[in-house]
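# Reading the structure
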Amino acid sequence: MSVGLDIRLKRANKVYHEGEVLAGVVVISSKEAVQHQGISLTMEGLVNLQLSSKSVGVFEAFYNSVKPIQLITSNIEVVKPGKVPGGKTEIPFEFPLHAKGNKVLYETYHGVFVNIQYTLRCDMKRSLLAKDLSKTCEFMVHCQPQKGRLQPSPVDFSITPETLQNIRERVSLPKFLIRGHLDATSCVITQPLTGELVVENSEVPIKSIELQLVRVETCGCAEGYARDATEIQNIQIAEGDVCHGLPIPIYMIFPRLFTCPTLETTNFKIEFEVNVVIVLQDDHLITENFPLKLCRV
Amino acid sequence: MAAVQWHSRVRAYESELRAARLEAVPLEPGDPHPLKSITVTDSKSRRGGGRRGSTSSSSSSGSVAPDPLSSMLDGTDPLSMFAAASASEAPTLSHSTAESGRKRREKEEEVGPDFEPWSAKRGEILARFTTTEKLSINLFMGSDKGKAPSPNSTVSEKVRNRLEELDDMEEGSQRELLNLSQQDYVNRIEELNQNLKEAWSSDQKVKALKIVIQCSKLLSDTSVIQFYPSKFVLITDILDTFGRLVYERIWSMCSDSRAMPESFTADDVNDTAKETCLNWFFKIASIRELIPRLYVEAAILKCSFFLSKTGIQETLPRLTAMIRGIGDPLVAVYARAYLCRVGMEVAPHLKESLKKNFFDLLASFRQIHSDSVQNQLVLQRVEIPVYLTLYSPAINWILQCVSYRAPETLLTEMMERCKKLANNALLLNSVMWAFRAEFVAARATDFIGMIKDCDEAGFPKHLLFGSLGRSLACADPPENERLSILNEAWKVITKVRSPQDYINCAEIWVEFTCRHFTKREVNTVLADIIKHMTPDRAFEDAYPQLQSVIRKILNYFHDFSVLFSMERFLPFLDMFQKDSVRVDVCRSIMEVFIKHQQEPTRDPVILNALLHVCKTMHDSVNALTLEDEKRSLSLLINGFIRMVSFGRDFEQQLSFCVEARATFCNLEPVLVQLIHTVNQLAMETRRVMRGNHSRKTAAFVRACAAYSFITIPSLTSIFSRLNLYLLSGQVALANQCLSQADAFFKAAVSLLPEVPRSITVEGKLRSSEAFLLDFISNFLSTLLVVPDHPEQGVLYLVRGLLNMVQDYTWEENSDAKVRVYISALPLLAAMSQDTYLYAIPKVDSNETLYGGDPKFLAEVNKLCETLIGQVLDHLKALGRDEGAGVRKQGTLAFSLFGCLLAHGDLRNNKLSQLAVNLWNLSHKHGYCDTRNSVRTLEYIKHQSQQPDMAHLSEMALRLSLQSRA
């Protein structure tokens, strides 16, 4: 006898905002009637922080993982112990999304050292003989649009051998001039990062030009804080020796889940940066870094 | 049954004929004419009546006699209904001006049938860009499969992920296939296409996406550059498949609950479908490499209709700009071609981004001559001209898309911008290829100037002239420029050194030459081609092109006297030295001749040339030639022979036939045709002489007979021989050549025993009996008018024929012999009349020879009696056989009865008794057709009303319909 337990949210994209009502149905499907000891639903929002082994000792990273921060939690009993008839039974439910105490519901974010996740779990308790059933489903929370006008703050850049820092041998560096601009460094998370880049000249042919999206996560704790920058994605915008003097578009869509509006709290920080990486055919790697401020409007 | 005494009924043919005629009924003025058919106003067939305006009102007048055939075609037939449907669309537009305006605008935005689709180019590219070099496929599968499993996934999921990874390892996450031949490569790609479909159908969407990404990654690899265009074709096929799969999937998600209209908007799409679609786009946006990201997004571009109506308007320009990031000019140009293709398919109204693609291409045009490209070419040992031709398909396509229904100003602007670039031969070529032929033709002189200015080292000039010629073949340049265009072009073409390049180009220009100039210019062109193609037997490699030259000339020159008066035409034909090709060419010449030659000809130039052509076809026949091939060749040669006429010069015509017989001796149908021609010639002579041959014409018609007589034996088909003997005999008789006619008939008679019992008809073995019976009946009716030979006995030929019939080995259990006997009876009866039913002018038949001599009549009657005796014996023999025999007996008895009734003199008691007996016999076993019997009886009663026929009524009383069994 197999019993199917499923949670279906009303919204196809599973995106909710604080103050809204999370609604959906629990679906129980079975050929025969199901005896159970009660069905309950648990909604939970957690921030998981983890210290990287780089900034702390390995053991500490293991054991000293910072305690998760609970943002929201709620539990309801959907059905009292009894019997669910055979066939497909749909039980509707609703949860109001209100943060605990004076906390805010941060936006869903999947990172390396910081994870903000919202889950909905349905448990069906059953008699000793049958196994309990459980089904988990994640839902997304988008934070409220930020108030106030957003300054796009465009930025022009020009890269030459002279503008570079952190070079080992400045002498062996070939000549080049790359100009460009980003339309905004304060970006709306739903809008792509745009701009243009022109290779004015380059002594050595170009092999590739890439946009590297980087997350910078900072976890604060009693002993201090850890700050780590890791790559989210790398998007190639030019391949091979591109035409000189012709503007190449810079275009990158911010991936969902892996990005969120720039966040700064007492315990942790999530920031983003973009690197324009130019690889020359002789494997010289030129990187120009731009901090970004993401927000949702 | 003792011997029967035969007496033929005396016939008065004329009065019988008069009696048989229908009564003439005087026509009342008001009566409808019987031939003027009943007019039925069929409203159903008047579909689309509005189109035909006036005709619909005339339906009641009946002045138009509706021919059944034409009324079939009147709207009700399905083909014309289609035509009407498409035609009626056009007028509806003119109803309201506003609506029509809008519709026309929409029409302009759509892609019409005049847009040559990509599928037409595919095969051409695959065939043209090939390589013998080794290729490699580098697939990098499953490495980034499954990101770190989400922290709270269940154990089972983790295990499954792990197992999947292991599977991947086994497959070899990175596969590099080296040293593939071109065919292997194509097979691999096809395999990947299959894998993609399988992965999709087994719900492994991620795997499908991976396959597509890996495939499109192959497009960034330009090693073995000659193969790149073909590779592009193969891989974009996969992309198309993928795009279709994704679209259909999302479409099906939409139509889950209710069917979505074909022209849906984003509002009709449900959230789940939208979310899925959005997911695809997000997934693709995160593809690391530029080229796969570009291609895969373009592949599923159509899906953006699910998200918003205007999304494409932003996406297309973005993708267009993205291509700027591709450094390799060849890769970039093909990416543009793909984007244009998708653009034309998905949003043909967005002309801006097509245009942008083209101008971007111009902006980055100098990349083609950049150092990195040069280095690559040196490395791969590819010449610049070869390299440049690799661009053509893509640039042609882009230009075709941009220039499709584009205003003249845009075309001019595009051309101006092309002109400004250095080394623009490649672009020029594509412009000529892709722009409207009329546009190019109008500026042909300009183009020639530009072509001349091009750098010789770059794009091959003969290709440029080839493209120009192709445009000029479809559209006409201004009249006064034509000659100078031809001169200028040919000046360059004639300098092309490689024969293959030369002929490719010359072949195209032949069309232009034929179209606008006379035989003199065409002759010059032909001479030039001969001059170029003869050295080193270069023509051997250029048969298709040379054939196409002939085809084009034949298209424009239908007058064969002009055609063959071109000095160089026959020498040109001599270049076709491979048998099969030569025969093909001859065949196409003959086809055109038969189709377009209206009147018979005697022009010696045409005759000689065509005789030569036909001889070539004839000589290609050998023991291995297929029957069908022979038949079609014969048909063509026959067509030629029929078209030859020397007018009143009959002797020359005959000598032509003699010559033709010698030339075409291997094709039997041709010989048959020749015999017919000669027979016709004899009859024509007779007509000219009005039946009175002079000594000279008499000798001539005898020569004709002699021709036939010696030609017929060389045929193998026995029935052809028999029929031709008979026919030629008839012709000889008509021309008063009695001894010749005798010889023909004798030959026919003596040939009879050789007739095989079965012959092959259309490849199947059939009994020859039916044919033989037909022939004999035909023969018998001819024999009525053939006078007896003075030195032979009475009815020499008839007896001879009947003897042959007797001795012939008929099929077992067949009563064919008896049926011949029965059919001989009417002949004999006709022979014993005073005046024969028909006669040949100026030939005395037996009626005059014997003048009703009783001895002759007695001979005839004796013969009849013998025949009847034979028939009766046979009937008796059949009676012994219970089953089928009795049935046959009935039929035969009835037909003999009919014969007696029609031809025998039934006043004779014995004969009438025999007739009654036969009637009874035929009804004895109840196998006869009662309706037939009733009708016969009625006929007898009717006949008995006639004078001298009273005896019949008495007989009718003795005939009963009841079987006596």
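Look up: the structure comes first, before these words.
Report follows, based on the coordinates. Everything numeric here is computed off the predicted structure, so don't read it as measured data.

A few words on the sheet that holds strand β14 (residues 176-182) of chain A. Residue and element names in this part refer to chain A. The four strands lie next to each other as β13-β14-β16-β19, forming an open sheet whose pairing is antiparallel. For this open sheet the edge positions go to β13 (155-159) and β19 (248-252), each flanked by a neighbour on one side alone. Each strand of the sheet is rotated relative to its neighbour by a mean of 20°, with strand direction disregarded.

Right, let's talk about the environment of Glu77(A) for a bit. Residues and elements named next belong to chain A. Mapped onto the elements, Glu77 comes out in strand β6 (residues 69-79). For the pair Glu77 and Gly38, spaced 39 residues apart in the sequence, the C-alpha separation amounts to 7.2 Å. Setting aside chain neighbours within four positions, we find Glu77 in contact with Gly38, Ile39 and Ser40.

In this model, helix α12 (residues 311-322) of chain B (12 residues) spans 16 Å end to end at C-alpha, consistent with the 16 Å of a helix rising 1.5 Å per residue. Of all 12 residues making up α12(B), nine are buried, and the element is well covered by its neighbours. Buried residues along α12(B) sit against β19 of chain A together with α11 (290-299), α13 (329-346) and α14 (351-363) of chain B.

Contact with chain A, which involves 25 residues of that partner, is made by 30 residues of chain B. Between chain A and chain B, a total of about 2300 Å² is buried, with carbon and sulfur atoms accounting for 55% of that surface. Per-residue buried area on chain A facing chain B is highest for Gln236(A), Glu239(A) and Arg256(A); these three make up 25% of the total on that side. Along the contact surface separating chain A from chain B lie two salt bridges. In this structure, Glu275(B) engages Arg256(A) in a salt bridge whose closest nitrogen and oxygen atoms are separated by 3.3 Å. For the pair chain A and chain B, the interface holds 11 residue pairs in polar contact (both at pLDDT 80 or more). Looking at the side of chain A that touches chain B, the elements that each hand over two or more residues are β10 (114-124), β18 (224-239) and β19 of chain A. Residue contributions to the side of chain A that touches chain B peak at seven residues, all from β18(A).

This part is about the side chain of His618(B). Residues and elements named next belong to chain B. By the element assignment, His618 lies in helix α30 (residues 604-619). Owing to a relative accessible area of 3%, His618 belongs among the buried residues under this scheme. A polar side-chain atom of His618 sits 3.1 Å from a polar atom in the side chain of Asp619. Not counting the four nearest positions on each side in its chain, His618 is found in contact with Ile637, Thr663, Phe664, Cys665, Asn666 and Leu667.

What counts and what doesn't
- Residues numbered from 1 in each chain as written.
- Chains lettered and ligands numbered in written order.
- Predicted model: local features only at pLDDT ≥ 70, side-chain atom pairs only at ≥ 80, totals over all residues.
- Heavy atoms only, no water.
- Pairing = 2+ DSSP bridges.
- Helix = DSSP H or I, 4+ residues; strand = E, 2+ residues; numbered from the N terminus.
- Axes fitted to C-alpha atoms, helices over the stretch in contact; angles between N-to-C directions.
- Contact = heavy atoms within 4.5 Å.
- Expected span 1.5 Å × (residues − 1).
- Buried < 20%, exposed > 50% of the residue type's maximum accessible area, 1.4 Å probe, protein only.
- Buried area = accessible area lost by both parts, 1.4 Å probe.
- Salt bridge = Lys/Arg side-chain N within 4 Å of Asp/Glu carboxyl O.
- Polar contact = N/O pair within 3.5 Å; in protein donor to acceptor, adjacent residues only side chain to side chain.

Function-wise, these values are silent; they only describe arrangement.
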